[in-house]
Structures are given as structure tokens and as C-alpha cells.
Amino acid sequence: MLECVVNVSQGRDKGVIDEVAASCGDSLLDVHSDFDYDRSVLTLAGPSVTVDVARLARRTLELIDFRRYRGVHPALGALDVVPFVPLGETTFETAVRQRDEFGAWLAEQFGLPVFLYGDETSLPQIRKSAFTTLAPTYGNPRPDPIVGSTCVGARGLLVALNINLACSWERARYVARTLRSGSVRALALLAGDRVQVSMNLIDPLVFTPLMAVASAALMEQVRSVELVGLLPEAVVLGHEAEYEAVGIDPTATIEARLRRKIAHS
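The rules we used
Residues numbered from 1 in each chain as written. Predicted model: local features only at pLDDT ≥ 70, side-chain atom pairs only at ≥ 80, totals over all residues. Heavy atoms only, no water. Core = buried A, V, L, I, M, F, W, Y, C linked by side-chain atoms within 4.5 Å. Buried < 20%, exposed > 50% of the residue type's maximum accessible area, 1.4 Å probe, protein only. Helix = DSSP H or I, 4+ residues; strand = E, 2+ residues; numbered from the N terminus. Contact = heavy atoms within 4.5 Å. Phe/Tyr/Trp six-rings, centres within 6.5 Å; stacked < 30°, edge-to-face > 60°. Lys NZ or Arg CZ within 6 Å of the ring centre and 35° of its normal. Salt bridge = Lys/Arg side-chain N within 4 Å of Asp/Glu carboxyl O. Pairing = 2+ DSSP bridges. Axes fitted to C-alpha atoms, helices over the stretch in contact; angles between N-to-C directions.

Chemist: For the nonpolar core, give the residues involved together with the corresponding values.
Modeler: Within the largest apolar cluster, 36 residues are counted, with the highest numbers of intra-cluster contacts made by Leu161, Ile163, Val197, Met199 and Leu231. For this core, the elements supplying multiple residues, two or more each, are β7 (159–165), α5 (169–179), β8 (184–191), β9 (194–201), α6 (209–217), β10 (222–228) and α8 (254–263). Once residues lying within four places of it in the same chain are set aside, the contact partners of Val197 are Leu161, Asn162, Ile163, Leu165, Ala172, Val175, Ala176, Ala186, Leu187 and Ala188. The next biggest cluster of nonpolar side chains, apart from the first, holds 34 residues, and it includes Cys4, Leu28, Val82 and Phe84.

Shown next, in the form of C-alpha cells:
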């Protein structure tokens with residue numbers, strides 16, 4: 001059982017987003033789009049995820065022109081990030097094998113430059129060094145003129161969280177620097193009228209979303225919290241009321257969406 005959390009560089013055209021989502025078949029669990037990021041995050045999981053993510057990739061590359069991307073979030077291509085995540089008893093080696101196979105298929109089918117990330121190279125390292133000191137793992141050595149390039153990864157469970165603050169961008173940068181650690185990636189962004197710290201919690205069972213919100217609130221007033229994608233159920237159990245109190249839906253978990261899919265199949 002694998003989860004795949006695909007990031008595409010389109011968050012404004014609902015028609016395009018809906019078409020990309022429709023290509024995902026029964027694997028689609030969640031779609032989160034952000035206008036200012038010009039980005040959508042599609043969460044897939046289940047037994048047919050490897051087939052459905054290939055369909056998603058094909059449709060994304062047909063519909064999204066990266067030359068039109070205007071988002072505030074860093075991005076390298078139309079099909080920007082494709083991480084494979086092992087669930088349940090599935091091994092990390094299985095996710096790595098699927099990453100390698102999918103990356104090679106993308107490069108062969110579409111001529112895309114593909115960067116692989118995981119234990120060897122992190123996604124932030126690729127964003128910083130792509131096409132300068134770091135060459136693609138597969139495919140062309142330069143970005144495609146229309147769709148750019150793609151990062152395909154294997155990783156553990158991760159929670160993506162945007163914390164909107166009542167402060168200046170300079171203060172948000174301070175909050176991001178303070179929160180940043182080996183298990184927390186944080187970036188201060190101006191997203192429309194929102195001053196926010198965008199966070200990836202790399203080890204959400206140790207440093208949870210509730211801890212992230214509480215830590216930010218010690219430094220600045222928190223206006224609102226946005227969950228991007230889904231939560232692992234283990235971080236929610238026993239804390240449902242606390243998640244509701246900070247504006248995070250405690251039912252927005254990978255496991256709950258999978259159970260719902262199975263019940264309606």
C-alpha cells in the first residue's frame with residue numbers, strides 16, 4: 001500500500017484542476033488548491049495508486065503550461081513533486097523501487113528531466129541546486145521549455161501546514177528560522193493578504209501539527225491554520241478536540257479517507 005502526494009503547478013483554473021483530479025481514478029483521496037501558490041496537492045492511496053499516478057502525470061503534462069506559473073511557492077515544473085510514501089506494512093524499499101521505476105518512465109515517455117530524492121538527496125537540495133551543480137537523475141540535462149522538470153521521491157509520512165500570522169513578513173521569517181530543524185522545514189511567504197509560515201513536518205509523530213501551532217503562537221499571533229493534504233491518523237487520536245480548536249479537521253486523515261473509499265466500493 002502506497003500513498004502518493006502529487007504537487008502540480010496549477011491552483012487557479014478550476015477546470016484544469018478538476019480534469020487532473022478526474023484522471024486519478026479510485027486512488028484520489030483529497031485535493032487541496034491554493035490560488036496564491038498557483039498549486040494543487042492531490043493525495044492518492046490504495047492498491048491502484050501506481051497506475052493512477054501515471055494517468056495523473058500524463059494529464060498534468062497535457063494540460064499545464066509551466067510558463068504560465070505565477071505562484072509564490074518554489075516550483076521546478078508543471079508536474080512538480082511526486083513522492084511515494086509507504087503505508088501500513090509496506091516497506092520503504094518498496095517506495096524507493098516505485099520512485100525509481102516511475103522516474104525512469106517519466107523521462108522515457110515524456111523526455112522530462114527527472115530528479116530523484118529521498119535518503120540520498122533532499123527536495124530542498126534539489127530546489128537549490130537543480131541544473132547548476134545538480135544534474136537530473138534521468139532525462140534531458142535542461143528543463144523542458146513548456147513543462148519544466150519533475151522531482152520524484154520516496155519519503156516517510158509528512159504533514160504540510162500553513163500557519164497564517166498577524167505580523168510582518170520580516171517577523172514571519174524570524175518565526176520560520178526559529179522553528180526550522182532537522183524534522184521541520186519552514187519558509188515564510190506572502191500569499192495574497194496572508195503572511196504565513198509554510199511548514200513540512202518531517203516527523204509528525206514526534207513534532208506534531210499541534211506542537212507547530214503552539215510554537216508559532218509563542219512568537220506571534222496565529223490568525224488561522226491551513227492543513228495541506230491529509231494527516232496520519234496516529235497524530236490525531238486522542239486529540240480530536242485540540243485539532244478542531246486550531247481549525248484543523250480531525251477527520252482529514254489518510255486512514256479515514258481510505259476506509260470511506262472501501263465502504264463505498
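Chemist: Which residues make up the packing of aromatic side chains, and what values go with them?
Modeler: Per the stated rule, a full pass over the model turns up five aromatic pairs. Here the aromatic rings of Phe66 and Tyr69 are separated by 5.4 Å at their centres, their planes lie at 20 degrees, and the arrangement is stacked. Given the relative accessible area of 12%, Tyr69 is considered buried. These aromatic residues form a ring-pair network of at least three members: Phe84, Phe102, Trp105 and Phe110. Seen from the ring of Phe35, Arg12 lies directly overhead, with NZ or CZ sitting 4.5 Å from the centre.

Chemist: Lay out the pattern of salt bridges with the relevant residues and their values.
Modeler: Summed over the entire model, instances satisfying the criterion amount to 17 salt bridges. Its salt-bridge partner being Arg257, residue Asp30 comes within 3.1 Å of it at the nearest N-O pair. One end of the pair, Asp30, is in strand β2 (residues 28–34); the other, Arg257, is in helix α8, and 227 residues separate them in sequence. In this structure, Arg99 engages Asp100 in a salt bridge whose closest nitrogen and oxygen atoms are separated by 2.8 Å. Connected through shared salt-bridge partners, Asp34, Asp36, Arg194 and Glu226 make up one network.

Chemist: An account of the sheet that holds strand β5 (residues 114–117) is needed here, citing residue identities and associated values.
Modeler: What holds strands together in a sheet is hydrogen bonding between their backbones, with the strands either parallel or antiparallel. Spatially, β2-β3-β1-β4-β6-β5 is the arrangement adopted by the six strands of the open sheet, whose pairing is mixed. In this open sheet, the two strands that pair with only one neighbour each are β2 and β5. Neighbour-to-neighbour, the strand axes of the sheet open up by a mean angle of 15 degrees, direction not taken into account. Sheet topology note: the β2/strand β3 (residues 39–46) ladder contains six bridges and is antiparallel. Its bridge partner lying in β3, Asp30 is registered against Thr43. Sitting on the sheet, helix α1 (residues 14–22) is in contact with β2 and β3, with an inclination near 160 degrees to β2. Strand contacts of helix α2 (residues 49–63): β1 (2–8), β3 and β4 (79–86), with the helix running at about 5 degrees to β1, the strand carrying the most contacts.

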